[in-house]
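Per-entry structural report
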Amino acid sequence: MEADLKLEIAVILCVLIVLFLLNVPIAFALIISTSVYFLFDESFSSTVLIQRMVGGIESVPLLAIIFFMTAGVLMNYTGITSRVLRFAEVITRPLPGSLAQVNVVLSTLMGGLSGSNIADAAMQSKILVPEMVKKGYDKSYATVLTAATSLITPIIPPGIALIMYGYVGNVSIGKLFLAGVLPGIVLCLIFMIYVHFHAKKNNLETENKKKFTAKEFFFSLKDALLALLLPIIIIGGIRFGAFSATEAGAIAVFYALFLGLVVYREMKLKQLISALVETVHTAASILIIIAAGSAFAWVLTLEQVPQQMTVFMADYISSPIMFFIIVLIFLLIVGMFVEGNVSIIILTPLFMPMLQQYGIDPVHFGIFFIVCISIGTLTPPLGTIMFTTCSITGTKVEDFIKHSIPFLIVLIIAAMLIAFVPGISLWIPTIFS
């Protein structure tokens, strides 16, 4: 019987890999491979597949993803993004490679507003990369920098990846939001240090650096302050029990509309409709992946794959440090072939039992997990962020890969730092617990 079960799982995984190689859309590849399971097991009706898919998205916490996604799209139509950009330009002006530094800082600030790394990467590819090229930056370098810094977004609250991991792993989304703040700042500082030395080495924006005046600083801050208050309102409200993560998402939407329609008055009815249509398209693509991934994860759980993997890991790996290293290598490989949201849906149920075995806090692991799978968005053959930025800026994929190596090294070092220094992720949640 056990051999039959192993055969079933092996066949399902083989079908899934073949469909990936044939470039079948991820959601449909998951649905087809999961449906193969029902050909082996006659004790389940095929309607169970539909029930599991519907059940996978029939959840109130998932509304948080839709709300925060809507809020993030609205940011680009309400004048919020342009005001945050001006603030980032002012505070980075005295630094070498100031426009590249703007790229890093803007990703960090927008991470607290949009929650989506693809949205962040697309927006900055359109706005910043052409300006960086005019300043003498290599287009490939500018594209890679934009793609790499967008990986800060998933771990800065209200990152959509944090919500998905919290939902699937039954981990407090509020604690995950708190845990993502310091690692996001650490990633920002690491990128800024790298950009500093790269700019010095290549003589990019290093001469005649003007300091910003107090008047410029406070004027740009005043303009961007209302937007920058959003993540503080979200985290503070969740922490003090004023509202849940889902309700915080609804508040973020109303807040973005309030700024765009009442305060800044830059949003028109046509733009509002465009924003909502864009949100529907993006949300539909994510929700069908969650639905398909939920059914696939149900099959793995039913066949006790997580439990078997836990026993296997415990038998051969005794140290939490070694566990983190193995998981890092595994996730880097998986990230090359599987889209990030799918990885969260499928792998989170597999890892959760292992964390108890090694005494690892699921909040700490969640930040590490999301950073690792995000790195895969920069690598071929799937690389969603890589293809998004390259298509917008017109950069060749081979040039992107060549310039991405230093950034991948930086990101791997950051992931290891987050893994081996738990305080980076857990310090703020501990203070507010």
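Look up: the structure comes first, before these words.
Residues numbered from 1 in each chain as written. Predicted model: local features only at pLDDT ≥ 70, side-chain atom pairs only at ≥ 80, totals over all residues. Heavy atoms only, no water.

Focus: unusual backbone geometry
A positive phi angle, near 55°, is found at N170, a position not held by glycine. By the element assignment, N170 lies in the loop between α9 (160-169) and α10 (173-202). Residue classification places N170 among the exposed residues on the basis of a relative accessible area of 72%. The phi dihedral of N203 falls on the positive side, at around 55°, and the residue is not glycine. (Helix = DSSP H or I, 4+ residues; strand = E, 2+ residues; numbered from the N terminus. Buried < 20%, exposed > 50% of the residue type's maximum accessible area, 1.4 Å probe, protein only.)

Focus: the environment of F369
Its location among the elements puts F369 in helix α17 (residues 362-375). A relative accessible area of 0% places F369 in the buried class. For the pair F369 and F324, spaced 45 residues apart in sequence, the C-alpha to C-alpha distance is 9.6 Å. Among residues more than four places away in sequence, those in contact with F369 are Y165, L331, S343, I344, L347, T348 and F351. (Contact = heavy atoms within 4.5 Å.)

Focus: the packing of helix α18 (residues 384-393) against helix α19 (residues 397-420)
Helix-helix packing: each pair is described by the crossing angle between the helix axes and the interaxial distance. Running from amino to carboxyl end, α18 crosses α19 at an angle of 120°, the nearest separation of the two axes being 10 Å. Taken together, the axis directions place α18 and α19 in an arrangement best described as oblique. Handedness of the α18/α19 crossing: right-handed. Facing M386, F387, T389 and C390 of α18, the residues of α19 in contact are V397, F400 and I401. Looking at the contact of α18 with α19, its residues break down into 6 nonpolar, 1 polar and no charged. (Axes fitted to C-alpha atoms, helices over the stretch in contact; angles between N-to-C directions. Parallel < 35°, antiparallel > 145°, perpendicular 65-115°, else oblique. Left-handed = near helix turned anticlockwise from the far one by under 90°. Nonpolar A, V, L, I, M, F, W, Y, C, P; charged D, E, K, R; others polar.)

Points about the nonpolar core
With 146 residues, the main nonpolar core has Y165, F323, F365 and F368 as its most contacted residues. In this structure F368 touches F324, V327, L328, A415, I418 and A419, once residues within four positions along its chain are discounted. (Core = buried A, V, L, I, M, F, W, Y, C linked by side-chain atoms within 4.5 Å.)

A closer look at the pattern of salt bridges
In the structure shown here, the tally under the stated rule is 2 salt bridges. Note that E216 and R93 form a salt bridge whose closest N and O atoms lie 3.0 Å from each other. Of this pair, E216 sits in helix α11 (residues 214-239) while R93 sits in the loop between α5 (80-92) and α6 (98-111); the two residues are 123 residues apart in sequence, bridging distant segments of the chain. Residue classification places E216 among the partly exposed residues on the basis of a relative accessible area of 31%. Residue R93 is classed as partly exposed on the basis of its relative accessible area, which comes to 25%. (Salt bridge = Lys/Arg side-chain N within 4 Å of Asp/Glu carboxyl O.)

Let's talk about helix α2 (residues 26-40)
Across its 15 residues, α2 extends 22 Å between first and last C-alpha, which sits within 8% of the 21 Å expected from 1.5 Å per residue. Where α2 is concerned, the buried positions are I26, A27, A29, L30, I31, S33, T34, V36, Y37 and F38. (Expected span 1.5 Å × (residues − 1).)

Quick notes on the packing of aromatic side chains
The final tally for this structure, using the stated rule, is 18 aromatic pairs. Taking 6.3 Å as the distance between ring centres and 80° as the angle between the ring planes, the aromatic pair formed by F330 and F351 counts as edge-to-face. Within this pair, whereas F330 is found in helix α15 (residues 320-335), its partner F351 is found in helix α16 (residues 340-358), the two being separated by 21 residues in sequence. Among the aromatic residues, those joined into a cluster by ring pairs are Y165, F323, F324, F330, F351, Y358, F365, F368 and F369. The aromatic ring of Y264 is capped on one face by R83, whose charged end is 3.7 Å from the ring centroid. (Phe/Tyr/Trp six-rings, centres within 6.5 Å; stacked < 30°, edge-to-face > 60°. Lys NZ or Arg CZ within 6 Å of the ring centre and 35° of its normal.)

Digging into the packing of α2 against helix α13 (residues 269-302)
Relative to each other, α2 and α13 sit at 30°, their axes nearing to 8 Å. When the axis of α2 is compared with that of α13, the two are roughly parallel. Remark: the crossing between α2 and α13 carries left-handed chirality. Residues A27, F28, L30, I31, S33, T34, Y37 and F38 of α2 lie in contact with α13, whose contacting residues are I288, I289, A292, G293, A295, F296, W298, V299 and L302. For the contact of α2 with α13, a count of residues per class yields 14 nonpolar, 3 polar and no charged.

Some points on a nonpolar patch on the surface
A cluster of nonpolar side chains, namely L226, F258, L261, V262 and V263, defines an oily patch on the protein surface of about 390 Å² accessible area. Turning to its location among the elements, V262 is positioned in helix α12 (residues 245-263). The class of V262 is partly exposed, set by a relative accessible area of 44%. (Patch = residues over 30% accessible without salt bridge, like charges linked within 9 Å, V, L, I, M, F, W, Y side chains within 5 Å. Areas by Shrake-Rupley, 256 points an atom, 1.4 Å probe, with all protein chains shown as cover.)

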